[in-house]
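Each chain, letter by letter, is given below.
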Amino acid sequence: LSRSNYIWDMTSSTYVDMAKERSAASALVERKKATINKKDLSSIRSTSNALFFENKNGADIYLYPGFIVMHESEEKFGLLEMANLDIKYEEVQFIESETIPTDSIRLGEVWEKSNKDGSRDKRFAGNRQIPLMAYGEISLSSSTGIYEKYMFSDASLAKEFVEKINEFKAKVNNQKTI
């Protein structure tokens, strides 16, 4: 997962009136580059390294086998059993106005200012085409209030990660019922 050329923490999303704004985008997304790597908390002893998700708008996330830690400081943290964490994958289409990652799939182009049918709005001088990319989005959520989204330039890595985590969760749940 950390091999993805670009990893973004999705910090906010706002609805866009596509007709009024003459936009091909249905939402204005704020994202910040983030890192994912192996990193441990000094207060937790484990035989496995945690998978560390840098969080740009809240507590960082540490995934350990069987549980996760939401960590802001030694005084501000939370623990959650992995079984209580929902991890979902979705392939998303994203209009890319920044650098194009080399590990992404380019789906086509859209006009910066467009008509309802997606065609170029000729009323705007300098209207340009912008790349439409396929990215992988991972959402982490729980009934206790966790809600985080990350976007990955390599959608296949994100999809494989979620499949592996959910396989692990299923095995753990099966062992609990035996």
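These figures come from a predicted structure and were not determined experimentally.

Novice: What is the right way to look at the overall build of the protein in this model?
Specialist: Of regular secondary structure, the protein possesses 2 helices and 11 strands. Contacts in the protein between residues far apart in sequence, at least 24 positions, make up 53% of those at least 6 positions apart.

Novice: Any chance you could explain the nonpolar core here in plain terms?
Specialist: Here is a general trend for soluble globular proteins: nonpolar side chains tend to be buried in one another's company. Of all hydrophobic cores here, the largest spans 23 residues; its most connected members are F53, I138 and F152. Residue assignment for this core shows that the elements contributing at least two residues are β5 (60-64), β6 (67-71), β10 (129-141), β11 (147-152) and α2 (155-177). By size, the runner-up hydrophobic cluster in this structure holds 8 residues, among which are W8, V92, M133 and M151.

Novice: Looking at this model, I keep getting lost on the sheet that holds strand β3 (residues 36-38). Mind explaining?
Specialist: Across a sheet, strands are paired by hydrogen bonds formed along the backbone, either parallel or antiparallel in direction. As summarised here, the arrangement of the 5 strands in space is β3-β4-β5-β6-β7, forming an open sheet in which the pairing is antiparallel. The open sheet has two edge strands, β3 and β7 (77-81), and neither has a second partner. Ignoring which end each strand starts from, the neighbouring axes of this sheet average 20° apart.

Novice: Explanation requested: the pattern of salt bridges in the structure shown.
Specialist: Any two side chains of opposite charge can pair, so long as their charged atoms come close to each other. Inspection of every chain in the model, using the stated rule, returns 9 salt bridges. A salt bridge links E109 to R106; the shortest N-O distance between them is 3.0 Å. The exposure class of E109 is partly exposed, given its relative accessible area of 41%. R106 sits in the partly exposed class, given a relative accessible area of 44%. In this structure, R123 and D121 form a salt bridge, with 2.9 Å as the shortest nitrogen-oxygen distance.

Novice: Would you mind showing me how to read the environment of K149 here?
Specialist: By the secondary structure assignment, K149 is in strand β11. Here K149 falls in the partly exposed class, since its relative accessible area comes to 24%. As a C-alpha pair, K149 and K88 span 61 residues in sequence and 9.5 Å in three-dimensional space. Apart from residues no more than four positions distant in its own chain, K149 is found in contact with W8, D9, M10, E137, I138 and S139. For K149, the side chain forms a polar contact with the side chain of E137, separated by 3.3 Å. A polar side-chain atom of K149 sits 3.4 Å from a polar atom in the side chain of Y147.

So, how was this worked out
- Numbers given to residues run from 1 along each chain, matching the order in which its sequence is written.
- The predicted origin of the model limits local features to residues at a pLDDT of at least 70 and limits the giving and counting of side-chain atom pairs to 80 or more, whereas totals for whole chains, interfaces and linings rest on all residues.
- Only hydrogens and water are removed before side-chain values are computed, so all heavy atoms of the structure are retained for them.
- Secondary structure is summarised from DSSP: a helix means a run of H or I of at least four residues, a strand means a run of E of at least two, and numbering begins at the N terminus for each.
- Whether two residues touch is decided by their heavy atoms; if any such pair falls within 4.5 Å, the residues are in contact.
- Nonpolar core, defined: a set of buried Ala, Val, Leu, Ile, Met, Phe, Trp, Tyr and Cys residues in which side-chain atoms within 4.5 Å join the residues together.
- Summary of the burial criterion: residues with accessible area below 20% of their type's maximum are buried, those above 50% are exposed, and those between are partly exposed, where the area comes from a 1.4 Å probe applied to protein chains only.
- Two strands pair if DSSP finds at least two bridges between them.
- Every angle, taken between N-to-C directions, lies between 0 and 180 degrees, and every axis is a line fitted to C-alpha atoms, over only the stretch in contact when it is a helix.
- When a carboxyl oxygen of Asp or Glu lies within 4 Å of a side-chain nitrogen of Lys or Arg, that pair is called a salt bridge.
- As used in this structure description, the phrase polar contact means that two N or O atoms lie within 3.5 Å; if the pair is within protein, one of them must be able to donate a hydrogen and the other to accept it, and residues adjacent in sequence are counted only when both atoms belong to side chains.

Function cannot be read off these values alone, since they describe shape.
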